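One letter stands for each residue in the lines below.
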Amino acid sequence: MKIAIIGAGPVGCYAGYLLAKAGHKVSIYENHAQIGLPIQCTGLLTSDFDQFNLPMDSFLVNTFSTAEIYSPHQKLALKQKEYLVCRNKFDNFFGDLAKKQGAKILVNHSFIRKEGKELIIKNSANNQEKRISSDLVIAADGPLSPTAKAHGLYHPKRENYFGIQALVEGKFDPAAFKTYFGVKVCPELFAWVVPESSTTARVGLGMRKNSRAYFDTFMKEHGFTVKEIQAGTIPVYHPAQKLHKDNCYLLGDAAGFVKATTLGGLVPGLKQAEILADCINNGKDYEKEIKPLAKRLKLHLLVRKILDKFSDNDWDTLVLYINQPKVHKVFEKYTRDDPIPLVTMALLKEPRFLRFVKYLL
């Protein structure tokens, strides 16, 4: 089959690699001049990334053994293996995978509109439009996905966060990344300090609005000076978002497949790409096969709705509960990419977590 993928991010390119490997004729269209730029993501991955069995030498920046969590008056340290990647090299790694299997990647090519069964693609290098036809279209063009909108697949009630991040210099523990929670710090998410090394870190936060104001305050309070700044739009998972219509499929950020608790989308997006490719290659039902992954994201969304109503006292109480040895072990055993056993086991060890369910009423 002829397959057009709109968007050459890692998720789109991974799908392109898997589909080209299966013998399909794959073309990937990227609106930017280079894959991986501009950078709009921290690049922090849980150890669940290991499931893809991919070599990391070309894009790995740092490996963490500890996650430090700060509430307004409490601190928690969890032993967790996590990876920090260079997003430019990470994205290009997946682009190279796709190209080695025969997929074509065309940069400076933007999806403009849909006319009947044809897609109108504009080459910004020469300012010319061309018509393309394909058997399948995969929208992997980000949280605002023009492709999803043109195919009538963009849910009108979807929401987005606006993340802002800076590269800063200072003195850091390269084995640990830090997250800061609280109403004054970042009431809709959290702030992070993720070291690349002992002298450089990525510092940022995300909000549905006013992210710059909270970011500036956090930077000032910690005495950080901006060396390089990055920003991006991050989708909130919506359980009613359709993923397939006619010959178009949604993938990654375009599908909103992002963990609502942390806004991490790389691991679920890559897993989604595997599921979609398997469905296309073997004639399986995409909506059916995606359900286990969607179930995880629904639980993330449920937890996010609770956390959105937290006071500073709630954050302190949550950290105190997790800091108990019996609960602490649970949070060190499971990663945030699969919240079902994490939440289930945590509740069994500490039923008082149920006090926060009141925020769903």
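Cut-offs applied
Residues numbered from 1 in each chain as written. Predicted model: local features only at pLDDT ≥ 70, side-chain atom pairs only at ≥ 80, totals over all residues. Heavy atoms only, no water. Core = buried A, V, L, I, M, F, W, Y, C linked by side-chain atoms within 4.5 Å. Buried < 20%, exposed > 50% of the residue type's maximum accessible area, 1.4 Å probe, protein only. Helix = DSSP H or I, 4+ residues; strand = E, 2+ residues; numbered from the N terminus. Contact = heavy atoms within 4.5 Å. Pairing = 2+ DSSP bridges. Axes fitted to C-alpha atoms, helices over the stretch in contact; angles between N-to-C directions. Expected span 1.5 Å × (residues − 1). Arc of directions from axis to C-beta. Salt bridge = Lys/Arg side-chain N within 4 Å of Asp/Glu carboxyl O. Polar contact = N/O pair within 3.5 Å; in protein donor to acceptor, adjacent residues only side chain to side chain. Parallel < 35°, antiparallel > 145°, perpendicular 65-115°, else oblique. Left-handed = near helix turned anticlockwise from the far one by under 90°. Nonpolar A, V, L, I, M, F, W, Y, C, P; charged D, E, K, R; others polar.

Now for the nonpolar core. Membership of the largest hydrophobic core comes to 119 residues, with the highest contact counts inside it found for I28, F49, F90, F94, L251 and Y286. With nine residues, helix α5 (residues 266–282) is the single largest residue contributor to this core. For I28, the contacting residues outside a window of four places in its chain are I5, G7, A8, G12, C13, G16, A98, A103, K104, I105 and L106.

As a further point, take the sheet that holds strand β16 (residues 244–245). One open sheet accounts for six strands, arranged β6-β2-β1-β10-β17-β16; its pairing is mixed. Bordering the open sheet on either side are β6 (104–106) and β16, each of which pairs with just one other strand. On the sheet, helix α1 (residues 10–21) packs against β1 (2–6), β2 (25–29), β6 and β10 (136–139) and is oriented at approximately 165° with respect to β2.

This brings us to helix α4 (residues 211–222). Under the 1.5 Å per step criterion, the end-to-end length of α4 is 17 Å for twelve residues, consistent within 8% with the ideal 16 Å. Along α4, the residues that are buried comprise S211, F215, F218 and M219. The arc that holds every buried residue of α4, seen down its axis, measures 100°, which confines them to one face. Residues of α4 that are exposed and angled more than 90 degrees away from the buried face: K220 and E221. Against the buried residues of α4 lie β11 (160–169), β12 (176–180), β13 (191–195), β14 (200–207) and β15 (226–235). One or two residues past the end of α4 sits G223, with phi positive at roughly 70°.

A complete count under the given rule lists 19 salt bridges for this structure. Close ionic contact of D91 with R87 constitutes a salt bridge, the shortest N to O distance being 2.9 Å. With a gap of four residues between them, D91 and R87 both fall in helix α2 (residues 87–100), about one helical turn apart.

Time to look at the pairing of β13. Counting buried positions over the five residues of β13 gives five, a clear majority of the element. Neither face of β13 is open: one carries A191, V193 and P195, the other W192 and V194, and all of them are buried. Two elements, β12 and β13, share three bridges in a ladder whose sense is antiparallel. Each bridged residue has a counterpart across the sheet, and for T179 the counterpart in β13 is W192. Sheet analysis places β13 next to β14, joined by five bridges and oriented antiparallel. Following the sheet pairing, P195 is matched in β14 by A201.

Bringing the pairing of strand β9 (residues 128–133) into the picture now. Two elements, strand β8 (residues 118–123) and β9, share six bridges in a ladder whose sense is antiparallel. Across the sheet, L119 pairs through a bridge with I132, a residue of β9.

Below, the discussion takes up the environment of Q241. Tracing the chain through its elements places Q241 in the loop between β15 and β16. Sequence-wise, Q241 and R158 are 83 residues apart; in three dimensions their C-alpha atoms are separated by 8.1 Å. Dropping the residues within four chain positions of it, Q241 is found in contact with L153, Y154, H155, R158, L250 and A255. A polar atom in the side chain of Q241 sits 2.3 Å from the backbone oxygen of L153. Within the local environment of Q241, its side chain forms a polar contact with the side chain of R158, the two groups lying 3.3 Å apart.

α5 packs onto α1 with a crossing angle of 30° between their chain directions and a minimal axis gap of 9 Å. Considering their axes alone, α1 and α5 lie roughly parallel with respect to each other. Judged by the sense of rotation from one axis to the other, the crossing of α1 with α5 is right-handed. Across the interface between the two elements, P10, V11, Y14, A15, L18 and L19 from α1 touch L266, G269, L270, A273, E274, A277, I280 and N281 from α5. Here the contact of α1 with α5 is composed, by residue class, of eleven nonpolar, two polar and one charged.

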